[in-house]
Structure formats: structure tokens, C-alpha cells
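Fold and contact review
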Amino acid sequence: MTEARDRVDWLLADSIWWGGRLRRGVALRVGTDGRAKPVPAEMAPSDGVRRLPGTLLPGLVDAHVHAALADLGTVRAGGIAAVWDLGGVPDTLRDLAARAGRLGSALPRIRYAGPFLIAPGGYPSDRAWAPAGSWREISSAADAGAAVAEAWSAGATLIKVTAHAGGPTLPQPTLRALVEAAHASGLQVVVHAEGPGTVAAAFEAGADLLAHTPWTESLPDPLLRACASRMTWISTLDIHGWTDPPPPGSAPSPGSADPAPEIDPAREVAIGNLRRFVEHGGKVRYGTDLGNGPLPAGVNPRELRALRAAGLTPDEILIAMTEPDQPGITWLPSGLDLTPATFADLLATARVVDDTLQPR
């Protein structure tokens, strides 16, 4: 838990994006719990106000990272105020989250799921990148409650389950038992669904979120419509086509246009699925699966452009990236421009306002 402040702070900028729209003449009142609330600028005191050029908005969140495979200090320096770790060693994550919650920490705030809950021998226990202790095998439906209780006792506020058709998968009764145990503890369930039938299995078990936009097949419309009625999908569109380094000389320099490597067809499948999901009213969270290939640490403009290709407006992308009821403030020194053509590159200039209200 983030340490409490001992005072109320005030921030005033040229503009503030909050609650889905860009506003002027508004100040941010930052309470002792670190949560900010927009109020009319005239309510700010005459002194003791931190004034900044540009635009302030809720802290940007990457809802899919793996801390063991990424430099979280660089993530925060790149404009991300908070992350969701979706699969790691529980004790390591608990310690890291405690460090991140201290005043003045150079790390983003961390919400975590603890270990991957998997079928015996299932994904990702067969992957070299998965550290020992980052998964827990579920042997039966009767084991579900104990697994959820262990994750919760280690500080998890999410439960991560894998449904990977390339190896052993959890039987549907076991998957359903995990979801029921998590919900009984007030925890949402995130499913890594990969391969035929896995999205349907996650939906039918009552899972709350998918860790990735489905990419292995174009989903039938009835299933997609059903998912949109109550699930949230985490985007991770940029993992496709970028898991191998680009050819020599093609890597983009900061602020330049992307090179044009051959894009994995899975990217277009994923974008198509997400576009229809959104058209049916589905909720999206921005997430990158940071640690999976050469992805930018910080705001990923390629992910933002892929979300635009899926039909999200700049305002909708910001809603997918922010949690206004949580501590954390983002600062755009040059101001927010919601023009679709320039939005992604401008948002990549974001910086986090730290606990002493100094931009970093």
C-alpha cells in the first residue's frame, strides 16, 4: 500500500484531461491518500500551488507486464505510473510492490496476480523465460480454493489462469472452480487464452478479463458479442510481429516513424477481433505484455496506433490507460493533442508526477 501523505497538495496546469474529457480552468486537489480530484481552479489556495505547463491526467497504467523480465524503473521514467504484473514469483512481487509503494520510489505502483495457475505440465512451466516459482499447478477442482487463498495471502489482487491449447489445459470444472474461489475472495480472474476453444472456455467459466486480445483465430460473432457483454480484454496488440528483433538498420530512433518489418498476420486477426469487441460495447484495458520481445519500456506508441486501428478514439484509449480513482498523476509537458495522427507520439512524451509533486 502506498504510504500516506501528511498534507493536501494542489496542482494547476494549462489543461487537465479527466473523466473522459479535456478541461481548462480546473485544478487537481491531491488528498492525503495520494488520490487526485479535479475541482474549479478558483478553489485552489493563493499560495502553495504547483504550477505546470501542458496537461495533467490520471496516472497511465500498463495492465500487462512481467516485472521479472522488465526494468520497472525505466517503465516509470517512460511515463507509466502503475503496472499490473500478470504472472510472477509471489514473494518477489510482494517485496517489489512494497518498495514501489514508498514515497519517492522510482518504481511504478504494482498490482499483481502472483503465480500463473496452470494444469500440471502446462504453459508456461515449459518456457525458459518463466522463473521457478512463478507458476502453481492445479491438480483438481478441490485444489482451486487453496491456490486462490495462497495467492491472496501473498498480496495478489488478481488471479491469473492459463488456457493454452498448445499443451495441458485445465478441465472446465477446475477452471470454473478457480473462478468461483477467486470471486468468493473478491478477486478478478485474468485468463491467458491461446488457441481454439480457449476464449469460450474462459467466458463459460466466468472469467473477468483476457490477458490478451485473442489472436489465433477470428472469433465467431456470437462468442465475441457474449464476451463484450461482461468481459474486459487487455490489448497487447504490439506483441505480434515484434517478438524477433527488426532487421539491422530498421529499428526506429526515438520519435521517428516505425520501420516496416513483415507483420505477423496474428496482429491483423487480433485487431479485427478487438474492433468487433469494441463495436459490441466491450471494455478494453491498455497492456503491452512487457518482457515479451523488444517492446518499449514506458508508453508504447505502436500499441497506441494499433488501438487506433481497432477503432478506439484517443479519448477511449486514455480511458483504457487510466484509473482516476487510484493514486498517480501523469504530465504531458507540451499539452495533450487529441488529433489521431499525432496522439501516439505525443503521449509517448508522458512523465509521472512523483509523490513530492515534482515531474520526473
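Scoring rules and cut-offs
Residues numbered from 1 in each chain as written. Predicted model: local features only at pLDDT ≥ 70, side-chain atom pairs only at ≥ 80, totals over all residues. Heavy atoms only, no water. Pairing = 2+ DSSP bridges. Helix = DSSP H or I, 4+ residues; strand = E, 2+ residues; numbered from the N terminus. Contact = heavy atoms within 4.5 Å. Axes fitted to C-alpha atoms, helices over the stretch in contact; angles between N-to-C directions. Expected span 1.5 Å × (residues − 1). Buried < 20%, exposed > 50% of the residue type's maximum accessible area, 1.4 Å probe, protein only. Polar contact = N/O pair within 3.5 Å; in protein donor to acceptor, adjacent residues only side chain to side chain. Phe/Tyr/Trp six-rings, centres within 6.5 Å; stacked < 30°, edge-to-face > 60°. Lys NZ or Arg CZ within 6 Å of the ring centre and 35° of its normal. pLDDT = per-residue confidence, 0-100.

Per an unreviewed UniProt entry, the protein carries the name Amidohydrolase and comes from Actinoplanes awajinensis subsp. mycoplanecinus.

What follows deals with the sheet that holds strand β14 (residues 232–234). The strand order β10-β9-β11-β12-β13-β14-β15 describes an open sheet built from seven strands, whose pairing is parallel. The two strands at the open ends of the sheet, each matched to only one other strand, are β10 (135–137) and β15 (283–285). Where strand β13 (residues 209–210) meets β14, two bridges bridge the pair, whose relative direction is parallel. Bridge pairing in β14 places Leu210 opposite Trp233. Along the sheet, helix α3 (residues 144–153) makes contact with β9 (116–118), β10 and β11 (158–164), crossing β10 at roughly 160°.

The three strands are arranged β6-β7-β8 in an open sheet whose pairing can be described as parallel. Of all the strands in the sheet, just β6 (61–65) and β8 (109–112) have a single pairing partner and so form its edges. The average undirected angle you get between the axes of adjacent strands in this sheet is 20°. Strand direction decides the pairing type here: β6 and strand β7 (residues 82–85), joined by three bridges, are parallel.

Attention now goes to helix α7 (residues 265–279). If you check α7, its first and last C-alpha atoms are 22 Å apart, about what 15 residues at 1.5 Å a residue would give, namely 21 Å. By the burial criterion, the buried members of α7 are Ala266, Arg267, Ala270, Ile271, Gly272, Asn273, Leu274 and Phe277. Against the buried residues of α7 lie α6 (221–230), β14, β15 and α8 (301–309). The distance from a side-chain oxygen at the start of α7 to the backbone nitrogen of Ala266 is 2.8 Å, and the residue carrying that oxygen is Asp264. Phi turns positive one or two residues past the end of α7, at Gly281, with a value near 95°.

So, on to the pairing of strand β3 (residues 26–30). For β3, a buried count of four out of five residues is recorded, marking the element as mostly surrounded by other parts of the structure. By the bridge criterion, four bridges tie strand β1 (residues 9–18) to β3 in an arrangement that is antiparallel. When the bridges of β3 are listed, Leu12 appears paired with Ala27. Both β3 and strand β4 (residues 36–40) contribute to a ladder of five bridges, which runs antiparallel. Bridge assignment links Val26 to a residue of β4, and that residue is Pro40. Hairpin connection from β3 to β4: five residues lie between these consecutive antiparallel strands, with Gly34 at a positive phi of about 85°.

Moving on, we get to the packing of aromatic side chains. The geometry of two aromatic rings is summed up by the distance between their centres and the angle between their planes. Overall, the coordinates contain three aromatic pairs when judged by the stated rule. With centroids separated by 6.2 Å and ring planes inclined at 65°, the aromatic side chains of Phe116 and Trp129 adopt a geometry described as edge-to-face. Taken together, the residues Phe116 in strand β9 and Trp129 in the loop between β9 and β10 connect sequence positions 13 residues apart. Accessibility expressed as a relative area gives 2% for Phe116, which makes it buried. Members of the aromatic cluster, joined through ring pairs, are Phe116, Tyr123 and Trp129. Its end group placed over the ring of Trp84, Arg111 keeps NZ or CZ at 4.8 Å from the ring centre.

The subject of this paragraph is the confidence of the model for the protein. The pLDDT averaged across the protein works out to 91; a share of 91% of its residues lies at or above 70. Residue range residues 243–257 is modelled with pLDDT below 50. Its contacts to residues more than four positions away, or to other chains, number nine contacts.

Once that is clear, we can look at the environment of Ala310. With respect to the helices and strands, Ala310 occurs in the loop between α8 and α9 (314–321). Residues Ala310 and Gly272, spaced 38 residues apart in sequence, show a C-alpha to C-alpha distance of 6.7 Å. Residues contacting Ala310, with those up to four places away along its chain left out, are Ile271, Leu274 and Arg275.

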